[in-house]
Amino acid sequence: MSLSRTLILLLLIGLLVLRYIWWKPTAGGTNPDVLPTVLWHGMGDSCCVPLSLGAIMKLIVEETKGGYVRSMEIGGNPVIDWQSGFFIHPNEQVEYVCKQLLLDERLAKGYNAIGFSQGGQFLRAVAQRCPTPPMRTLVTLGGQHQGVFGLPMCLTLSNSACEYISRLLNSVAYSEMTQRNLVQATYWHDPIMENHYRLGSTFLADINNELYLNEFYIENLHKLKKFVMVKFLNDTIVQPKESQWFQFYTSGQDKVIQPLNESKVFQDLRLMKMEKEGKLVFLGVEGDHLAISKAWFIKNIVPLLLEK
Ligand SMILES: *[C@@H]1O[C@H](CO)[C@@H](O)[C@H](O)[C@H]1NC(C)=O
Ligand SMILES: *[C@@H]1O[C@H](CO)[C@@H](O)[C@H](O)[C@H]1NC(C)=O
């Protein structure tokens, strides 16, 4: 066995050991007066690493005086959970999460949800596809509601992996094989070949009602009390940044952003109705992708979790 393989194997074993000692997908639960919070991590992360979502779980438990927090661990172990961000089709992940939410009795009366990066659009899919248990407020931190046209993953991968993925996305993003095997291809949104995207995207085009109007999706999305979209104003990873506020390039080019209220998706998900009811909340925060400070989180997100 080569050295790098041995290292990877040791790392995986280490992760599994850590999982059982230290990182738990649930926390809190002593305060029955606060609605539970469900988290979904981003690409290259996992449910409960103490330096990442684990710290957020702890913070939410503290700030809600013991509220129940569940961070989704896809596949039920840290290795699959980490891989899921790249290689398990979002439809399969959403189905898994819906099942887990249904089985968790603590969530039966409803929950608030916070999605990190791509976890944001995945949780929106949960809201649209799985009305039980009911999601109340959805917060997406740097979510890509209209997809990406650029390479958000390149900073976290090695160069050769990055080049490979880049080639795949630029040439064959909408091939059946790429769609099946690479999560990021399922929300790759090519504004220059809008039709290829509509016909080929096996996740985003569906939840954005691009191909046909799914009334069930609209009805379920509108059940949210609030849909809070947080955009990182100096994001260097999500392209275009505006996708975090559900906007995208005007079709046919990749420079000019179309105002949300003029976009097709605004019609197709009847976002205007939600806007009129004051359900859409757009927050901007200075900083790069997912650069949230504890103080900002406590000031802006915690009150949403405590709303009656
Ligand atoms: C971040 O972006 C905002 C809005 O574009 C800008 O006003 C601000 O100066 C930027 N901050 C940094 C540190 O670049
Ligand atoms: C979209 O919203 C802007 C302001 O937010 C407004 O000026 C504009 O008229 C709206 N466009 C449509 C088509 O409603």
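To start, this report covers the structure provided alongside it. (Residues numbered from 1 in each chain as written. Chains lettered and ligands numbered in written order. Predicted model: local features only at pLDDT ≥ 70, side-chain atom pairs only at ≥ 80, totals over all residues. Heavy atoms only, no water.)

Topic: the overall build of the protein chain
Helix and strand counts for the protein chain come out as 14 helices and 9 strands. In terms of overall dimensions, the protein chain is globule-like: its C-alpha atoms have a radius of gyration of 19 Å, near the 19 Å expected for 308 residues. Based on the C-alpha atoms only, the size of the protein chain along its principal axes is roughly 60 × 50 × 35 Å. Within the protein chain, the fraction of its 308 residues that count as buried is 54%. Within the protein chain, counting contacts between residues at least 6 apart in sequence, those at least 24 apart form 73% of the total. For the protein chain, the exposed surface amounts to about 14,100 Å²; the carbon and sulfur share of it is 60%. Separation between the mean location of the 29 positive side-chain charges and that of the 28 negative ones in the protein chain comes to 5 Å. (Helix = DSSP H or I, 4+ residues; strand = E, 2+ residues; numbered from the N terminus. Rg over C-alpha atoms; globule rule 2.2 N^0.38 Å. Buried < 20%, exposed > 50% of the residue type's maximum accessible area, 1.4 Å probe, protein only. Contact = heavy atoms within 4.5 Å. Areas by Shrake-Rupley, 256 points an atom, 1.4 Å probe, with all protein chains shown as cover. Lys, Arg positive; Asp, Glu negative; His and termini not counted. Charge placed at Lys NZ, Arg CZ, Asp CG, Glu CD.)

Focus: the nonpolar core
In summary, soluble globular proteins display a tendency toward joint burial of nonpolar side chains. One finds Val126, Met135 and Leu271 to be the most contacted residues of the largest nonpolar core, which totals 51 residues. At 5 residues, helix α5 (residues 118–129) tops the list of elements feeding residues into this core. Those residues within four positions of methionine 135 in sequence are excluded, and the remaining contacts are Tyr111, Ala113, Leu123, Val126, Ala127, Lys223 and Leu224. The next biggest cluster of nonpolar side chains, apart from the first, holds 25 residues, and it includes Phe116, Phe232, Trp296 and Leu304. (Core = buried A, V, L, I, M, F, W, Y, C linked by side-chain atoms within 4.5 Å.)

Quick look at the pairing of strand β2 (residues 37–40)
Side chains Thr37 and Leu39 of β2 all project onto a buried face; the interleaved residues Val38 and Trp40 project onto the opposite face, where all are buried too. In terms of strand pairing, β2 meets strand β3 (residues 69–71) through 3 bridges, oriented parallel. Following the sheet pairing, valine 38 is matched in β3 by arginine 70. After leaving β2, the chain enters helix α2 (residues 53–63) and then returns to the sheet as β3, a path that is right-handed. Bridging between β2 and strand β4 (residues 111–116) involves 4 bridges; their strand directions are parallel. Counterpart to threonine 37 in the pairing with β4 is asparagine 112. (Pairing = 2+ DSSP bridges. Right-handed = clockwise from strand over helix to strand, strands pointing away.)

Quick notes on the packing of aromatic side chains
Within this structure, the stated rule accounts for 9 aromatic pairs. Seen in terms of ring centroids, tryptophan 82 and phenylalanine 86 are 5.2 Å apart; in terms of plane orientation they differ by 55°. Their pairing is tilted. Of this pair, tryptophan 82 and phenylalanine 86 both sit in helix α3 (residues 78–87), 4 residues apart, which is roughly one turn of the helix. Aromatic side chains phenylalanine 122 and phenylalanine 203 sit 5.5 Å apart centroid to centroid with 85° between the ring planes, which places their arrangement in the edge-to-face category. A residue pair is termed long-range when its members are at least 10 positions apart, and phenylalanine 122 in helix α5 and phenylalanine 203 in the loop between α8 (194–200) and α9 (204–207) qualify at 81 residues. (Phe/Tyr/Trp six-rings, centres within 6.5 Å; stacked < 30°, edge-to-face > 60°.)

What about the pattern of salt bridges?
Using the criterion set out here, one finds 12 salt bridges in the structure. The salt bridge involving glutamate 210 is made with arginine 198; its shortest N-O contact spans 2.9 Å. On the criterion of sequence distance, the pair formed by glutamate 210 in the loop between α9 and α10 (215–221) and arginine 198 in helix α8 is long-range, its members being 12 residues apart. Comparing glutamate 210 with arginine 198, the two get one shared label, buried. Note that glutamate 277 is salt-bridged to lysine 279, the shortest N-O span being 3.5 Å. (Salt bridge = Lys/Arg side-chain N within 4 Å of Asp/Glu carboxyl O.)

With respect to the environment of phenylalanine 216
By the secondary structure assignment, phenylalanine 216 is in helix α10. For phenylalanine 216, a relative accessible area of 39% puts it in the partly exposed group. For the pair phenylalanine 216 and arginine 129, spaced 87 residues apart in sequence, the C-alpha to C-alpha distance is 7.7 Å. Non-local contacts of phenylalanine 216, meaning those with residues more than four positions away in its chain, are made with Gln128, Arg129 and Pro131.

A short note on α3
Taken residue by residue, α3 has Pro78, Val79, Asp81, Ser84, Gly85 and Phe86 as its buried positions. The residue sitting at the N-terminus of α3 and contributing the capping side-chain oxygen is asparagine 77; that oxygen lies 2.9 Å from the backbone nitrogen of valine 79. (Polar contact = N/O pair within 3.5 Å; in protein donor to acceptor, adjacent residues only side chain to side chain.)

Overview of the state of the cysteines
Counted under the stated rule, the structure contains 2 disulfides. Each sulfur of the disulfide joining cysteine 47 and cysteine 48 lies 2.0 Å from the other. Measuring the twist about the S-S bond at about -60°, one finds the cysteine 47-cysteine 48 disulfide to be left-handed. A disulfide bridge connects cysteine 98 with cysteine 130, and the sulfur atoms are separated by 2.0 Å. Residues cysteine 98 and cysteine 130 share a disulfide whose torsion about the S-S bond is about 90°; that sign makes it right-handed. Here cysteine 98, found in helix α4 (residues 90–103), pairs with cysteine 130, found in the loop between α5 and β5 (135–141); they are 32 residues apart in sequence, far enough to count as distant. Relative accessible area serves as the criterion here: at 9%, cysteine 98 is assigned to the buried category. (Disulfide = S-S within 2.5 Å.)

Some points on the site of ligand 1
Close to ligand 1 lie Leu233, Asn234 and Glu286. A distance of 3.3 Å separates a nitrogen atom of ligand 1 from a polar atom in the side chain of glutamate 286. Look at ligand 1: alone it shows 360 Å² of surface, and the protein chains cover 32% of it. (Near = heavy atom within 4 Å.)

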